Amino acid sequence: MQQEKIYRAELTACFGDPVDENPTGVIEEAGYEALGLNYRYLTVRVEKDHLPDAVNGARAMGFRGFNLTIPHKVAVIPLLDELTVAARLIGAVNTVVSKDGKLIGENTDGKGFLTSLRENGIDPSGKTVTLLGAGGAARAVSIELALAGARHINIINRSEARGAELAVSVSKKTKATAAYIPWSRQIRIPAETDILVQCTNIGLFPDVNGKPDVDYDSFRPGMVAADVVFNRPETPFLQEAARRGLKTITGLGMLVNQAALNFSLWTGADAPVEVMTEALAKEFGLNP
Ligand code: NDP
(Lines give C-alpha, C1' and ligand atoms only; values in the text may rest on other atoms or scores of the structure.)
Protein backbone atom coordinates (compact mmCIF):
# COMPACT_ATOMS: atom_id res chain seq x y z
CA MET A 1 0.00 0.00 0.00
CA GLN A 2 1.27 3.46 -0.86
CA GLN A 3 2.17 5.56 2.17
CA GLU A 4 0.31 8.84 2.61
CA LYS A 5 2.51 11.80 1.80
CA ILE A 6 2.94 14.55 4.38
CA TYR A 7 3.36 17.96 2.83
CA ARG A 8 3.00 19.99 6.04
CA ALA A 9 6.32 21.04 7.50
CA GLU A 10 7.14 21.54 11.17
CA LEU A 11 8.12 25.16 11.68
CA THR A 12 10.96 26.75 13.63
CA ALA A 13 12.34 30.26 13.27
CA CYS A 14 14.44 33.12 14.51
CA PHE A 15 12.71 36.43 15.29
CA GLY A 16 14.95 39.49 15.44
CA ASP A 17 15.73 42.93 14.06
CA PRO A 18 18.31 43.19 12.59
CA VAL A 19 18.40 39.51 11.65
CA ASP A 20 19.31 39.39 7.94
CA GLU A 21 22.88 38.22 8.56
CA ASN A 22 22.08 35.61 11.23
CA PRO A 23 23.42 32.25 9.95
CA THR A 24 21.55 29.97 12.40
CA GLY A 25 19.12 28.82 9.70
CA VAL A 26 21.96 27.30 7.70
CA ILE A 27 23.04 25.23 10.70
CA GLU A 28 19.56 24.05 11.74
CA GLU A 29 18.43 23.22 8.20
CA ALA A 30 21.61 21.20 7.55
CA GLY A 31 20.71 19.18 10.65
CA TYR A 32 17.06 18.70 9.56
CA GLU A 33 18.17 17.54 6.13
CA ALA A 34 20.76 15.13 7.53
CA LEU A 35 18.10 13.41 9.64
CA GLY A 36 15.45 13.54 6.88
CA LEU A 37 13.14 15.67 9.03
CA ASN A 38 10.44 17.74 7.32
CA TYR A 39 11.30 20.82 9.39
CA ARG A 40 11.94 24.39 8.24
CA TYR A 41 13.84 27.21 9.95
CA LEU A 42 12.71 30.69 8.92
CA THR A 43 14.84 33.77 9.56
CA VAL A 44 12.20 36.43 10.17
CA ARG A 45 12.56 40.16 10.70
CA VAL A 46 10.21 41.08 13.54
CA GLU A 47 10.25 44.70 14.61
CA LYS A 48 10.17 45.53 18.31
CA ASP A 49 6.47 46.45 18.53
CA HIS A 50 5.37 43.40 16.55
CA LEU A 51 6.80 40.77 18.89
CA PRO A 52 3.44 39.98 20.65
CA ASP A 53 1.79 39.43 17.26
CA ALA A 54 4.70 37.27 16.06
CA VAL A 55 4.56 35.08 19.20
CA ASN A 56 0.77 34.73 18.85
CA GLY A 57 1.28 33.87 15.19
CA ALA A 58 3.79 31.16 16.13
CA ARG A 59 1.26 29.75 18.63
CA ALA A 60 -1.53 29.85 16.07
CA MET A 61 0.59 28.13 13.43
CA GLY A 62 1.78 25.45 15.82
CA PHE A 63 5.51 26.26 15.57
CA ARG A 64 7.73 23.67 17.29
CA GLY A 65 9.72 26.58 18.66
CA PHE A 66 11.76 29.62 17.78
CA ASN A 67 14.85 31.62 18.62
CA LEU A 68 14.91 35.22 19.74
CA THR A 69 17.68 37.64 19.04
CA ILE A 70 18.15 41.41 19.37
CA PRO A 71 15.93 43.17 20.61
CA HIS A 72 13.52 40.47 21.84
CA LYS A 73 15.38 38.27 24.37
CA VAL A 74 13.96 40.00 27.46
CA ALA A 75 10.75 41.42 25.94
CA VAL A 76 9.52 37.91 25.07
CA ILE A 77 9.38 36.76 28.71
CA PRO A 78 5.86 38.05 29.61
CA LEU A 79 4.51 36.50 26.39
CA LEU A 80 5.50 32.95 27.42
CA ASP A 81 3.81 30.36 29.67
CA GLU A 82 6.86 29.06 31.55
CA LEU A 83 10.61 29.62 31.93
CA THR A 84 13.35 27.07 32.61
CA VAL A 85 15.55 27.60 35.68
CA ALA A 86 18.46 28.88 33.54
CA ALA A 87 16.26 31.33 31.61
CA ARG A 88 14.87 32.67 34.89
CA LEU A 89 18.34 33.09 36.44
CA ILE A 90 19.75 34.67 33.28
CA GLY A 91 16.68 36.89 32.83
CA ALA A 92 16.63 36.37 29.05
CA VAL A 93 15.32 33.81 26.57
CA ASN A 94 16.99 32.87 23.29
CA THR A 95 14.98 29.72 22.60
CA VAL A 96 11.29 28.95 22.94
CA VAL A 97 9.98 25.38 22.86
CA SER A 98 6.34 24.47 22.34
CA LYS A 99 5.35 21.61 24.60
CA ASP A 100 1.82 20.36 25.31
CA GLY A 101 0.38 23.63 24.04
CA LYS A 102 2.65 25.73 26.24
CA LEU A 103 5.47 28.03 25.15
CA ILE A 104 8.50 27.45 27.38
CA GLY A 105 11.40 29.92 27.44
CA GLU A 106 14.94 28.52 27.67
CA ASN A 107 18.40 30.05 27.31
CA THR A 108 20.94 27.93 25.44
CA ASP A 109 23.54 30.68 24.80
CA GLY A 110 25.49 30.02 28.00
CA LYS A 111 25.12 26.23 27.69
CA GLY A 112 26.45 26.44 24.12
CA PHE A 113 29.44 28.39 25.41
CA LEU A 114 30.04 25.87 28.21
CA THR A 115 29.95 22.96 25.75
CA SER A 116 32.41 24.74 23.48
CA LEU A 117 34.74 25.35 26.45
CA ARG A 118 34.57 21.67 27.44
CA GLU A 119 35.18 20.56 23.84
CA ASN A 120 38.40 22.54 24.09
CA GLY A 121 39.35 20.62 27.22
CA ILE A 122 38.58 23.45 29.67
CA ASP A 123 36.56 22.79 32.83
CA PRO A 124 35.41 26.02 34.53
CA SER A 125 35.05 24.35 37.94
CA GLY A 126 37.06 26.22 40.58
CA LYS A 127 38.31 28.76 38.01
CA THR A 128 38.44 32.55 38.02
CA VAL A 129 36.65 33.98 34.99
CA THR A 130 36.87 37.56 33.69
CA LEU A 131 34.23 38.82 31.29
CA LEU A 132 34.35 41.89 29.08
CA GLY A 133 30.76 43.11 28.77
CA ALA A 134 27.53 42.72 30.74
CA GLY A 135 24.84 42.41 28.02
CA GLY A 136 22.73 39.40 27.11
CA ALA A 137 25.62 37.15 26.07
CA ALA A 138 27.61 38.03 29.21
CA ARG A 139 24.61 37.31 31.45
CA ALA A 140 24.14 33.86 29.91
CA VAL A 141 27.87 32.99 29.98
CA SER A 142 28.42 34.21 33.56
CA ILE A 143 25.41 32.41 35.04
CA GLU A 144 26.15 29.11 33.27
CA LEU A 145 29.86 29.21 34.21
CA ALA A 146 28.89 29.96 37.82
CA LEU A 147 26.37 27.06 37.80
CA ALA A 148 29.16 24.86 36.35
CA GLY A 149 31.32 25.62 39.41
CA ALA A 150 33.42 28.66 38.48
CA ARG A 151 34.79 30.11 41.73
CA HIS A 152 34.85 33.82 40.95
CA ILE A 153 33.61 36.01 38.11
CA ASN A 154 34.95 39.50 37.32
CA ILE A 155 32.69 41.66 35.18
CA ILE A 156 34.45 44.45 33.30
CA ASN A 157 31.85 46.70 31.67
CA ARG A 158 31.66 50.21 30.25
CA SER A 159 28.35 51.19 31.84
CA GLU A 160 28.52 50.81 35.60
CA ALA A 161 24.80 50.19 36.18
CA ARG A 162 24.74 47.11 33.94
CA GLY A 163 28.09 45.72 35.11
CA ALA A 164 27.36 46.15 38.83
CA GLU A 165 23.88 44.68 38.45
CA LEU A 166 25.26 41.54 36.76
CA ALA A 167 27.91 41.07 39.47
CA VAL A 168 25.22 41.31 42.19
CA SER A 169 22.98 38.95 40.25
CA VAL A 170 25.72 36.27 39.86
CA SER A 171 26.73 36.41 43.52
CA LYS A 172 23.11 36.33 44.73
CA LYS A 173 21.84 33.59 42.43
CA THR A 174 24.82 31.21 42.34
CA LYS A 175 27.57 29.90 44.64
CA ALA A 176 30.26 31.89 42.79
CA THR A 177 31.57 35.21 44.06
CA ALA A 178 31.51 38.10 41.59
CA ALA A 179 32.87 41.63 41.31
CA TYR A 180 32.25 44.55 39.00
CA ILE A 181 35.38 46.26 37.65
CA PRO A 182 34.86 49.65 35.93
CA TRP A 183 36.29 49.72 32.39
CA SER A 184 39.07 52.29 32.57
CA ARG A 185 41.20 52.97 29.48
CA GLN A 186 43.67 50.20 28.61
CA ILE A 187 42.30 48.11 31.47
CA ARG A 188 44.60 45.42 32.85
CA ILE A 189 43.15 41.92 33.01
CA PRO A 190 43.33 40.63 36.64
CA ALA A 191 46.40 38.37 36.89
CA GLU A 192 44.47 35.58 38.63
CA THR A 193 42.17 35.16 35.58
CA ASP A 194 42.03 31.60 34.20
CA ILE A 195 39.37 32.15 31.53
CA LEU A 196 38.89 35.50 29.79
CA VAL A 197 35.71 35.91 27.74
CA GLN A 198 35.09 38.76 25.29
CA CYS A 199 31.30 39.26 25.49
CA THR A 200 30.85 42.71 23.91
CA ASN A 201 29.95 43.14 20.25
CA ILE A 202 33.32 44.77 19.47
CA GLY A 203 34.80 43.04 16.40
CA LEU A 204 31.42 41.95 15.05
CA PHE A 205 30.94 42.41 11.30
CA PRO A 206 31.13 45.09 9.83
CA ASP A 207 33.39 46.42 12.68
CA VAL A 208 35.89 43.61 11.92
CA ASN A 209 38.95 45.63 13.01
CA GLY A 210 37.36 46.65 16.32
CA LYS A 211 39.36 45.67 19.39
CA PRO A 212 38.40 46.07 23.07
CA ASP A 213 40.38 48.77 24.89
CA VAL A 214 42.47 46.50 27.17
CA ASP A 215 46.17 46.24 28.00
CA TYR A 216 47.02 43.16 25.93
CA ASP A 217 50.38 42.88 27.68
CA SER A 218 48.49 41.99 30.88
CA PHE A 219 47.51 38.65 29.24
CA ARG A 220 49.36 35.64 30.69
CA PRO A 221 50.11 32.57 28.52
CA GLY A 222 48.29 30.32 31.06
CA MET A 223 45.00 32.12 30.44
CA VAL A 224 42.38 30.91 27.96
CA ALA A 225 40.84 33.63 25.78
CA ALA A 226 37.39 33.09 24.27
CA ASP A 227 35.28 35.39 22.13
CA VAL A 228 31.51 35.18 21.68
CA VAL A 229 31.72 37.14 18.41
CA PHE A 230 31.54 34.64 15.53
CA ASN A 231 31.45 36.85 12.46
CA ARG A 232 34.36 36.98 11.74
CA PRO A 233 35.61 34.27 14.10
CA GLU A 234 39.31 35.23 14.30
CA THR A 235 38.65 38.59 15.98
CA PRO A 236 41.48 41.08 16.59
CA PHE A 237 41.01 40.32 20.33
CA LEU A 238 41.74 36.62 19.73
CA GLN A 239 44.63 37.46 17.40
CA GLU A 240 46.26 39.55 20.17
CA ALA A 241 45.72 36.67 22.61
CA ALA A 242 47.18 34.06 20.22
CA ARG A 243 50.21 36.28 19.59
CA ARG A 244 50.90 36.18 23.35
CA GLY A 245 50.66 32.38 23.54
CA LEU A 246 47.15 32.04 24.99
CA LYS A 247 44.83 29.22 24.02
CA THR A 248 41.99 30.79 22.01
CA ILE A 249 38.39 29.73 21.40
CA THR A 250 36.22 31.40 18.74
CA GLY A 251 32.47 32.11 19.00
CA LEU A 252 31.68 29.45 16.35
CA GLY A 253 31.64 26.62 18.91
CA MET A 254 29.14 28.50 21.08
CA LEU A 255 26.96 29.18 18.05
CA VAL A 256 26.94 25.58 16.80
CA ASN A 257 26.44 24.10 20.25
CA GLN A 258 23.50 26.34 21.14
CA ALA A 259 21.99 25.50 17.74
CA ALA A 260 22.51 21.79 18.49
CA LEU A 261 20.77 22.13 21.86
CA ASN A 262 17.84 23.94 20.21
CA PHE A 263 17.66 21.23 17.54
CA SER A 264 17.24 18.53 20.18
CA LEU A 265 14.67 20.58 22.11
CA TRP A 266 12.53 21.07 18.98
CA THR A 267 12.88 17.65 17.33
CA GLY A 268 13.53 15.34 20.28
CA ALA A 269 16.43 13.86 18.28
CA ASP A 270 20.19 13.96 18.90
CA ALA A 271 21.64 16.79 16.82
CA PRO A 272 24.07 15.79 14.05
CA VAL A 273 26.66 18.23 15.42
CA GLU A 274 29.35 17.35 12.85
CA VAL A 275 27.05 18.04 9.92
CA MET A 276 25.92 21.30 11.53
CA THR A 277 29.52 22.38 12.20
CA GLU A 278 30.49 21.62 8.60
CA ALA A 279 27.55 23.63 7.27
CA LEU A 280 28.58 26.65 9.34
CA ALA A 281 32.24 26.30 8.39
CA LYS A 282 31.28 26.12 4.71
CA GLU A 283 29.12 29.20 5.10
CA PHE A 284 32.09 31.11 6.56
CA GLY A 285 34.57 29.62 4.09
CA LEU A 286 36.53 27.87 6.88
CA ASN A 287 37.94 24.40 7.41
CA PRO A 288 35.77 22.71 10.06
P1 NDP B 1 24.12 43.48 24.22
O2 NDP B 1 23.72 44.66 23.40
O3 NDP B 1 23.13 42.90 25.17
O4 NDP B 1 25.44 43.86 25.07
C5 NDP B 1 26.53 44.47 24.47
C6 NDP B 1 27.66 44.62 25.48
O7 NDP B 1 28.79 45.14 24.78
C8 NDP B 1 27.36 45.59 26.61
O9 NDP B 1 27.98 45.12 27.78
C10 NDP B 1 28.01 46.88 26.12
O11 NDP B 1 28.43 47.73 27.17
C12 NDP B 1 29.24 46.32 25.44
N13 NDP B 1 29.82 47.22 24.43
C14 NDP B 1 29.35 47.48 23.19
N15 NDP B 1 30.17 48.33 22.56
C16 NDP B 1 31.18 48.62 23.41
C17 NDP B 1 32.33 49.44 23.33
N18 NDP B 1 32.63 50.13 22.24
N19 NDP B 1 33.18 49.48 24.39
C20 NDP B 1 32.90 48.76 25.51
N21 NDP B 1 31.81 47.98 25.65
C22 NDP B 1 30.96 47.90 24.61
O23 NDP B 1 24.61 42.40 23.16
P24 NDP B 1 24.67 40.81 23.37
O25 NDP B 1 25.28 40.53 24.69
O26 NDP B 1 23.37 40.21 23.04
O27 NDP B 1 25.66 40.38 22.20
C28 NDP B 1 27.06 40.63 22.29
C29 NDP B 1 27.78 39.80 21.24
O30 NDP B 1 27.59 38.42 21.50
C31 NDP B 1 27.27 40.02 19.81
O32 NDP B 1 28.40 40.20 18.99
C33 NDP B 1 26.58 38.72 19.46
O34 NDP B 1 26.72 38.42 18.09
C35 NDP B 1 27.39 37.74 20.29
N36 NDP B 1 26.65 36.51 20.58
C37 NDP B 1 27.22 35.34 20.15
C38 NDP B 1 26.57 34.16 20.36
C39 NDP B 1 27.20 32.90 19.86
O40 NDP B 1 26.50 31.88 19.79
N41 NDP B 1 28.49 32.88 19.54
C42 NDP B 1 25.28 34.07 21.08
C43 NDP B 1 24.80 35.36 21.53
C44 NDP B 1 25.47 36.54 21.26
P45 NDP B 1 27.41 48.79 27.88
O46 NDP B 1 26.65 48.02 28.91
O47 NDP B 1 28.31 49.79 28.45
O48 NDP B 1 26.52 49.31 26.77
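Note that this is a predicted model, so its numbers are computed, not measured. (Residues numbered from 1 in each chain as written. Predicted model: local features only at pLDDT ≥ 70, side-chain atom pairs only at ≥ 80, totals over all residues.)

A. Representation of the overall build of the chain within the structure. Scanning the chain from N- to C-terminus turns up nine helices and 12 strands. Its C-alpha atoms give the chain a radius of gyration of 19 Å, near enough to 19 Å, the size a compact globule of 288 residues would have. Oriented by its inertia axes, the alpha-carbon framework of the chain measures out at about 70 × 40 × 35 Å. Classification of the 288 residues of the chain by burial places 48% in the buried group. Considering only contacts in the chain between residues 6 or more positions apart, those separated by 24 or more positions represent 66%. (Helix = DSSP H or I, 4+ residues; strand = E, 2+ residues; numbered from the N terminus. Rg over C-alpha atoms; globule rule 2.2 N^0.38 Å. Buried ≥ 20, exposed ≤ 12 C-beta atoms within 10 Å, placed from the backbone. Contact = placed C-beta atoms within 7 Å.)

B. Spatial organisation of the site of the ligand. Taken together, 24 residues surround the ligand, and among them Gly135, Gly136, Arg158, Ser159 and Thr200 come closest. When contributions to the shell around the ligand are tallied by element, the ones reaching two or more residues are α4 (109–119), α5 (136–147) and α8 (252–267). The residue makeup of the shell around the ligand, split by class, is 11 nonpolar, 10 polar and three charged. (Near = placed C-beta within 6 Å. Nonpolar A, V, L, I, M, F, W, Y, C, P; charged D, E, K, R; others polar.)

C. Expanded view of α4. Within α4, nine of the 11 residues are buried, which leaves it mostly tucked inside the rest of the structure. Considered for burial, the residues of α4 that qualify are Asp109, Gly110, Lys111, Gly112, Phe113, Leu114, Thr115, Ser116 and Leu117. Where α4 is buried, its residues contact α3 (85–90), α5, β11 (224–227), β12 (247–249) and α8. Following α4 by one or two positions, Gly121 adopts a phi angle in the positive range, close to 80°.

D. Inspection of the nonpolar core at higher detail. Core analysis: the largest hydrophobic core is formed by 81 residues, its most contacted members being Leu131, Val141, Ile153, Ile155, Val197 and Met276. The element contributing the most residues to this core is α8, with nine residues. Among the domains, domain 1 (10–107 + 253–283) and domain 2 (110–250) are the pair contributing at least three residues each to this core. (Core = buried A, V, L, I, M, F, W, Y, C linked by C-beta atoms within 7 Å. Domains from an automatic or database assignment.)

E. Representation of the sheet that holds strand β8 (residues 152–157). Overall, parallel pairing links the six strands, which are arranged β9-β8-β7-β10-β11-β12 in an open sheet. At either end of the open sheet lies a strand with only one pairing partner, and these are β9 (177–182) and β12. Pairwise comparison of adjacent strand axes, ignoring direction, gives a mean angle of 20° for this sheet. When strand β10 (residues 195–198) meets β11, the two strands line up parallel, connected through four bridges. Bridged to Gln198 within β11 is Asp227. In the packing of helix α6 (residues 160–173) onto the sheet, contacts are made with β8 and β9, and the angle to β9 comes to roughly 170°. (Pairing = 2+ DSSP bridges. Axes fitted to C-alpha atoms, helices over the stretch in contact; angles between N-to-C directions.)

F. View of the domain arrangement of the chain. Once the domains are mapped, the chain shows domain 1 (10–107 + 253–283) and domain 2 (110–250). Just the C-alpha atoms count here: the centres of domain 1 and domain 2 sit 25 Å apart. Counting from both sides, the interface comprises 13 residues of domain 1 and, opposite them, 17 residues of domain 2. By residue class, the composition of the side of domain 1 that touches domain 2 is seven nonpolar, five polar and one charged.

G. Geometry of the packing of α5 against α6. Running from N to C, α5 and α6 point in directions that differ by 25°, and their axes come no closer than 10 Å. Classified by the angle their axes make, α5 and α6 are roughly parallel. Classified by chirality, the crossing of α6 by α5 is right-handed. Taken together, the residues of α6 that come into contact with α5 (itself represented by Ala138, Arg139, Ser142, Ile143 and Ala146) are Leu166, Val170 and Lys173. Of the residues in the contact of α5 with α6, the class split is five nonpolar, one polar and two charged. (Parallel < 35°, antiparallel > 145°, perpendicular 65-115°, else oblique. Left-handed = near helix turned anticlockwise from the far one by under 90°.)

H. Just α5, in detail. Compared with the 16 Å implied by 1.5 Å per residue over 12 residues, the 17 Å span of α5 between its first and last C-alpha is a close match. Here α5 lies mainly inside the structure; 12 of its 12 residues are buried. Taken together, the buried positions of α5 are Gly136, Ala137, Ala138, Arg139, Ala140, Val141, Ser142, Ile143, Glu144, Leu145, Ala146 and Leu147. Those residues of α5 that are buried lie in contact with α3, α4, β7 (128–132), β8, α6 and β10. Downstream of α5 by one or two residues, Gly149 has phi in the positive range, about 105°. (Expected span 1.5 Å × (residues − 1).)

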